[in-house]
Amino acid sequence: MTNQETTMDKLISLCKRRGYIFGSSEIYGGLSAVYDYGPLGAELKRNIKNFWWKWMVQKRDNIVGLDAAILMHPRVWEASGHVAGFQDPLVDCKVTKKRYRADQVYVLRPKDGGNDGLMFAFKEGDDELAARKVKNIAKADASTYEKLALTDIPLREFSRIVGPDMKEPGSLTEPRQFNLMFKTHVGPVEDNANVVYMRPETAQGIYVNFTNVINSTRVKVPFGIAQIGKAFRNEITTENFIFRTREFEQMEMQFFVRPGTDMAWFETWKQDRIDYYRQLGIRQEKLRFHEHGEDELAHYAAAAFDIQYEFPFGWKELEGIHNRTDFDLKRHQEWSGRDQSYFDDEVKEKYVPYIVETSAGCDRTLLTVLVDAFAEEKLENDMRTVLRLHPALAPIKAGIFPLVKKEGLSDIAIKLKDELKQHYPVFYDEGGAVGRRYRRQDEIGTPFCFTIDFQTKEDETVTVRDRDSMQQKRIPIRGVFDYLFSKIDKGE
Ligand code: ATP
């Protein structure tokens, strides 16, 4: 087992043990790539959404919110291009019945006129595994092989390919296109006339409400509409815990601008969004931009950058920032017959705005903050597991402990807990040694613990112990709320 696997394994086990994340319908054997958030996970997720909303909507004057329905008129998805084009190439293994996304499979092919030699297919990132297979099966060195995309291998050569989970060649089918949208039916009759889709992105709900927002508020271009909501994709391959799932939540913002100003706004949003992740407490060196090359650009995009995070399983997309041009509004104008143009009284000009989009995954952000916060530390004669979550994100903001139950200490502690609970989720714990109580809070990311001891009765002070530094100091019991407020809401 590699180190990387152990980090993820440990995190997944912590998530289950402490009630962050459970597999869906576990008592029935689970549903593949669907997850439920437990008591702590639900708090963390809500805190992430609040953080995003505050950053994107509340603090600004030029962005408004929206909460559109998941089910939309099916024509929306024709106009958007999803019915025709939201598909991934799929390959099946006839023997193992496993499915792969063809664009995520690579092949090692002999360099020297390998006209009849075996080729070895492998999933993205599994280069080492493939090299071992070359050694074991073809008795050759991987350096004499070249790495190609599966989609670049001619079909007639597929019979020579050893599939990613196979030892024998010839089991992979030819790639075919697979639409990722989930379908369902509106009303009691299940026929093609009443098919609707579960939205695969929240963005379209924003576009079709563009004129509603313009007409009902006082926003003027440039402005944005932000939305948080569920999206569904029937992904061919799911992977890495909650990284890629079939049901997930997006946090998207669509910024409407005058054509010609779009690239400047694109740059502004790139910077803003990377600043956001730093503000969220994500380690700077674990973040980077990835620019989409010509071959990666979506049909609607003039420019696209991903913000990537270095997960234990490699650098992966966390958020996409796209210049979508006037593609979406023009398509909806065409399909609906409704005018989507805007009269700009500043320049006295009518145009269909360009859109710069920032599209983040909420579940993926949650995985990122957990991975980034997770640490195991060696102490003098102990080990501790700690989640160094930003105080604004931590599900429980403080542990409240009486040093001992007797002599009225619990009463003081319970009173403090009840007062704080009006404002913050806090946790009262009177069981076991204080050191053990600290460890239990460290493991779930609680940033502060307040202990009521005998001195409290004398001078009305408590100790506050900091999760990260493990330092303790005394503060007045009356100052506990202000202390939490300054750390959580003011970020001091
Ligand atoms: P990919 O090409 O990896 O399938 P994408 O580039 O199509 O993904 P976008 O459509 O740009 O992804 O989605 C925007 C954001 O939504 C992503 O950056 C990610 O955070 C989130 N997201 C997309 N698909 C999933 C999924 N299946 N599970 C969890 N989050 C997702």
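Only a predicted model underlies this, so the values are computations on that prediction, with no experimental measurement involved. (Residues numbered from 1 in each chain as written. Predicted model: local features only at pLDDT ≥ 70, side-chain atom pairs only at ≥ 80, totals over all residues. Heavy atoms only, no water.)

**Concerning the pattern of salt bridges**
The test is simple: Any carboxyl oxygen of Asp or Glu that lies within 4 Å of a side-chain nitrogen of Lys or Arg is treated as forming a salt bridge with it. Secondary structure follows DSSP: runs of H or I at least 4 residues long count as helices, runs of E at least 2 residues long count as strands, and numbering of each begins at the N terminus. Only protein chains enter the accessibility calculation, which uses a 1.4 Å probe. A residue is then buried if its area is under 20% of the maximum for its type, exposed if over 50%, and partly exposed in between.
Applying the stated criterion across every chain yields a total of 44 salt bridges. Its salt-bridge partner being Arg273, residue Glu319 comes within 2.8 Å of it at the nearest N-O pair. Highlighted residues: Glu319 in strand β17 (residues 314–325) and Arg273 in helix α8 (residues 262–279), separated in sequence by 46 residues. Neither residue differs from the other here; Glu319 and Arg273 are each classed as buried. Notably, a salt bridge pairs Arg283 with Asp372, separated by 3.0 Å at the nearest N-O pair. Residue Arg283 is found in the loop between α8 and β15 (287–291), and its partner Asp372 is found in helix α10 (residues 362–373); the two are separated by 89 residues along the sequence. Given a relative accessible area of 10%, Asp372 falls into the buried group. Among the ionic contacts, a cluster of salt bridges with common partners joins Glu377, Arg384, Arg388, Asp442, Arg465, Arg467 and Asp468.

**Digging into the site of the ligand**
As a reminder, the rule being used: Any residue with a heavy atom positioned within 4 Å of a molecule or strand is treated as near that molecule or strand. We define a polar contact as two N or O atoms separated by no more than 3.5 Å, with the added condition that, inside protein, one atom must be a possible hydrogen donor and the other a possible acceptor, whereas residues neighbouring each other in sequence contribute only through side-chain atom pairs. Any residue outside Ala, Val, Leu, Ile, Met, Phe, Trp, Tyr, Cys, Pro, Asp, Glu, Lys and Arg is labelled polar, Gly included; the first ten of those are nonpolar and the last four are charged.
Around the ligand there are 17 residues in total, and Arg233, Glu235, Arg244, Thr245 and Glu317 lie nearest to it. Between the ligand and Arg233 there is a distance of 2.9 Å, counted from an oxygen atom to a side-chain nitrogen or oxygen. The separation between a nitrogen atom of the ligand and a polar main-chain atom of Thr245 is 2.8 Å. Broken down by secondary-structure element, the contributors of at least two residues to the shell around the ligand are β14 (247–257), β17 and β20 (354–361). By residue number, the principal contributor to the shell around the ligand is β17, which donates five residues. Looking at the shell around the ligand, its residues break down into four nonpolar, six polar and seven charged.

**Looking at the domain arrangement of the chain**
To keep it simple, the criterion reads: The start and end points of each domain follow an automatic or database-based domain assignment.
You can read the domains of the chain as domain 1 (46–85 + 182–371), domain 2 (87–178) and domain 3 (396–488). A straight line from the C-alpha centre of domain 2 to that of domain 3 covers 57 Å.

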